[in-house]
Every structure is written in structure tokens, then in C-alpha cells.
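Coordinate analysis (summary)
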Amino acid sequence: MIAIGSDHAGFYLKEDIKNYLEEHNVKYIDVGCYSPERFDYAVSAQKACDKVVSGECDKAILCCGTGVGISMAANKVKGIRACCCSDYFSAKLTRAHNDANVLCLGGRVIGGGLACELVDVFLNTEFEGGRHSARIDKITAIENGEKLY
Ligand code: RB5
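Residues numbered from 1 in each chain as written. Predicted model: local features only at pLDDT ≥ 70, side-chain atom pairs only at ≥ 80, totals over all residues. Heavy atoms only, no water.

1. A short note on the overall build of the protein chain
The secondary structure content of the protein chain amounts to six helices and five strands. Listed by position from the N terminus, the elements making up the protein chain come as β-α-β-α-β-α-β-α-β-α-α. Taking 15 Å as the expected radius of gyration for a compact globule of 149 residues, we find that the protein chain reaches 14 Å, a close match to that expectation. Expressed as lengths along the three principal axes of its C-alpha atoms, the size of the protein chain is roughly 45 × 30 × 25 Å. Taken across its 149 residues, the protein chain has 47% of its residues classed as buried. Long-range pairs, those at least 24 residues apart, make up 69% of the contacts in the protein chain with a sequence separation of at least 6. As displayed, the protein chain offers around 7700 Å² of accessible surface, 51% of which is attributable to carbon and sulfur atoms. (Helix = DSSP H or I, 4+ residues; strand = E, 2+ residues; numbered from the N terminus. Rg over C-alpha atoms; globule rule 2.2 N^0.38 Å. Buried < 20%, exposed > 50% of the residue type's maximum accessible area, 1.4 Å probe, protein only. Contact = heavy atoms within 4.5 Å. Areas by Shrake-Rupley, 256 points an atom, 1.4 Å probe, with all protein chains shown as cover.)

Okay, structure coming up:
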């Protein structure tokens, strides 16, 4: 199950991605917003990320104007590793190396075609583990208030 959310500036990109998920039989929960009326991205970010942290959803996809604000909000939720991407390589490697659980996209940055390619590679790339696991553990340590130096 995938959580998907946006603010007003990411609303139409979210709708494109929902069509793509439906065509590929990927189940999702749309946490809003539900119209292009002004809506603050932090609300959708927290709603979607809470579903990932609780285990109700495996991953989340979030859209705002740039993908940046909503990724900042998402990364404030404990247990979330969100990446704002607009290129294929980053969307793939953020899964393979960073074990990202949230993909953030900018509705004013990229079009629906590229966004769906990024979603596809993000959802279908496994974390490689190995040497990357220790690095993820250090990110978690920062999250837990530990000093790394
Ligand atoms: C909304 O106007 C816009 O600031 C927001 O969608 C996003 O781009 C913030 O990072």
C-alpha cells in the first residue's frame, strides 16, 4: 500500500500519479489535498508519513510545487527518509543506497510522464543493504539525538 499526498501546487501531479498507480494495479491511499484550493504541504506530509511509520503503508509519494517543502516536512517525521527527485538516477539510488521510504516530486518542476517514471523506479528498486546499512544507522542516530563526532 502506498500513501500519496500533495498540496495545491502538487495536486495535478498527484492525480497523474494516481492514474499511473491504478493502471499498474498499485493500491494507494490518497491523504489529500482533494482540490487545487490552497492547502499547506506539511499537513499532507505528516498524514502520509504517519501511515508509513505505522506500517499501514510501505512507502509514500508526495507532491508540492518544487517537492522541496514537502520533503522538508516529511523528513521531520521520525523514521522517514524522504528524497526530493527530478532525475531517474537519484530516484533509483535513493532506494538502493539510502533506503528512502518517501519520494517527493515538484508539480512545477517536472511533468507527469517523468514523474511516473520516477515513481516506477522508486517503487521497484530494492535497498542494497551492505555498506549502506551502517550509513542509514548513522542517520537514525542523528534522529535520536546522538552525536556522531
Ligand atoms: C506553494 O506555493 C509552494 O510554495 C509549495 O508547493 C512548495 O513548492 C514549497 O516547497
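2. Considerations on the layout of surface pockets
Here the largest pocket defines a volume of roughly 200 Å³. Asn75, Ile80, Arg81, Ile139 and Glu143 are, among the 16 residues lining the largest pocket, the residues nearest its centre. Broken down by element, the residue count for the lining of the largest pocket peaks at four residues, all from helix 6 (residues 131-143). (1 Å grid on protein atoms, 1.4 Å probe; cavity = no way out; pocket = protein on both sides within 12 Å on 5 of 7 lines; lining within 4 Å. Points joined across faces, edges and corners; volume = space filled by probe spheres on them.)

3. So, the packing of aromatic side chains
In this structure the tally under the stated criterion is one aromatic pair. Considering the side-chain rings of phenylalanine 11 and tyrosine 12, the 5.1 Å spacing of their centres and the 75° angle between planes classify their relative orientation as edge-to-face. The exposure class of phenylalanine 11 is buried, given its relative accessible area of 9%. (Phe/Tyr/Trp six-rings, centres within 6.5 Å; stacked < 30°, edge-to-face > 60°.)

4. Regarding the pattern of salt bridges
For the structure shown, the criterion picks out seven salt bridges. The partner of lysine 14 in a salt bridge is aspartate 30, with the nearest N and O atoms 2.9 Å apart. Highlighted residues: lysine 14 in helix 1 (residues 11-23) and aspartate 30 in strand 2 (residues 28-30), separated in sequence by 16 residues. Given a relative accessible area of 0%, lysine 14 falls into the buried group. Taking the shortest distance from any N to any O, the salt bridge between arginine 81 and aspartate 99 comes out at 3.3 Å. Linking arginine 81 in the loop between helix 3 (68-74) and strand 4 (82-84) with aspartate 99 in the loop between helix 4 (88-96) and strand 5 (102-106), this pair joins segments that are 18 residues apart in sequence. Salt bridges here are not isolated pairs; linked through shared partners, they connect Lys14, Glu15, Lys18 and Asp30. (Salt bridge = Lys/Arg side-chain N within 4 Å of Asp/Glu carboxyl O.)

5. Quick look at the sheet that holds strand 3 (residues 59-64)
Across the sheet, which stays open at both edges, the five strands sit in the order 2-1-3-5-4 with parallel pairing between neighbours. Every other strand in the sheet has two partners, leaving strand 2 and strand 4 as the edge strands with one partner each. Here the average twist between neighbouring strands, direction ignored, is 20°. As defined by bridge partners, strand 3 adjoins strand 5 across five bridges and the pair is classed as parallel. From the neighbouring strand, alanine 60 faces strand 5, where its bridge partner is valine 102. The sheet strands contacting helix 5 (residues 112-123) are strand 1 (2-6), strand 3 and strand 5, and the helix crosses strand 5 at an angle near 170°. (Pairing = 2+ DSSP bridges. Axes fitted to C-alpha atoms, helices over the stretch in contact; angles between N-to-C directions.)

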